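# Structural features, examined
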Amino acid sequence: MQQQNLTQNQSMAMPQPPQVISTKDSMYLTDMLSWNLLAMKKAHFFARQCQDQEIMSAIERAGQMHQRHYGIIMSHLQNNNQPTQPMQ
């Protein structure tokens, strides 16, 4: 029974982000940004060390993927940081 509820909760998408996020959520978002930024920097560094063009290209693509993920997270945070109009 508990497994079924867990599966149902995982498949339900939140239609809109919450107006306020918890401290724990905020810390997790900070961690996600840090992980993607570090992965992007490491990929760029290691790609510059490569002699093989194929490997260099693959590592650069991985770095670009992390850069896109970083940008996506930031855009979500900036879009949700816009002041909302109070309901009257």
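Since the structure is predicted, the reported quantities are computational estimates derived from the model, not experimental observations. (Residues numbered from 1 in each chain as written. Predicted model: local features only at pLDDT ≥ 70, side-chain atom pairs only at ≥ 80, totals over all residues. Heavy atoms only, no water.)

## Remarks on the overall build of the chain
The following threshold applies: Runs of H or I in DSSP of at least four residues are treated as helices and runs of E of at least two as strands, each being numbered from the N terminus. Exposure classes here rest on a 1.4 Å probe applied to the protein chains alone. A residue is buried below 20% of its type maximum, exposed above 50%, and partly exposed in between. Computed with a 1.4 Å probe, the accessible areas rest on the Shrake-Rupley method; for each residue, only the protein chains presented here act as cover.
For the chain, the count of helices and strands is 3 helices and 0 strands. Taken from the N to the C terminus, the helices and strands of the chain come in the order α-α-α. Taking all 88 residues of the chain together, the buried fraction comes to 11%. Taken as a whole, the chain presents about 8,000 Å² of accessible surface, with 57% of it coming from carbon and sulfur.

## Comments concerning the environment of Ile21
Stated formally: Here, residues are in contact when the closest pair of their heavy atoms is within 4.5 Å.
Residue position: Ile21 is located in the loop between helix 1 (2-11) and helix 2 (23-49). Using a relative accessible area of 41% as the deciding quantity, one classes Ile21 as partly exposed. Setting aside residues up to four positions removed in sequence, Ile21 forms contacts with Ser26 and Leu29.

## Regarding the environment of Leu38
Within the secondary structure, Leu38 is located in helix 2. When its relative accessible area of 46% is taken as the criterion, Leu38 is described as partly exposed. The spatial distance from the C-alpha of Leu38 to the C-alpha of His66 is 8.8 Å, given a sequence separation of 28 residues.

## A closer look at helix 2
Put simply, the test is: Multiplying one less than the number of residues by 1.5 Å gives the expected span of a helix.
Here helix 2 contains 27 residues, and its C-alpha end-to-end distance of 39 Å stays within 8% of the 39 Å for a straight helix at 1.5 Å per residue. Taken together, the buried positions of helix 2 are occupied by Leu29, Leu33, Asn36, Met40, Ala43 and Ala47.

## Examining the side chain of His66
Note the following rule: Whenever a nitrogen or oxygen atom comes within 3.5 Å of another N or O atom, the pair is scored as a polar contact, on the condition that within protein one atom can donate a hydrogen and the other can accept it, and that pairs from neighbouring residues in sequence are kept only if both atoms are in side chains.
Mapping His66 onto the fold places it in helix 3 (residues 53-80). Here the side chain of His66 touches Asn36 through a polar contact of 3.1 Å, side chain to side chain. Excluding anything up to four places from it in sequence, His66 contacts Asn36, Ala39 and Met40.

## So, the environment of Ala62
By secondary structure assignment, the location of Ala62 is in helix 3. Classification of Ala62 by relative accessible area gives partly exposed; the value is 31%. Along the sequence, Ala62 and His44 sit 18 residues apart, while their C-alpha atoms lie 9.0 Å from each other.

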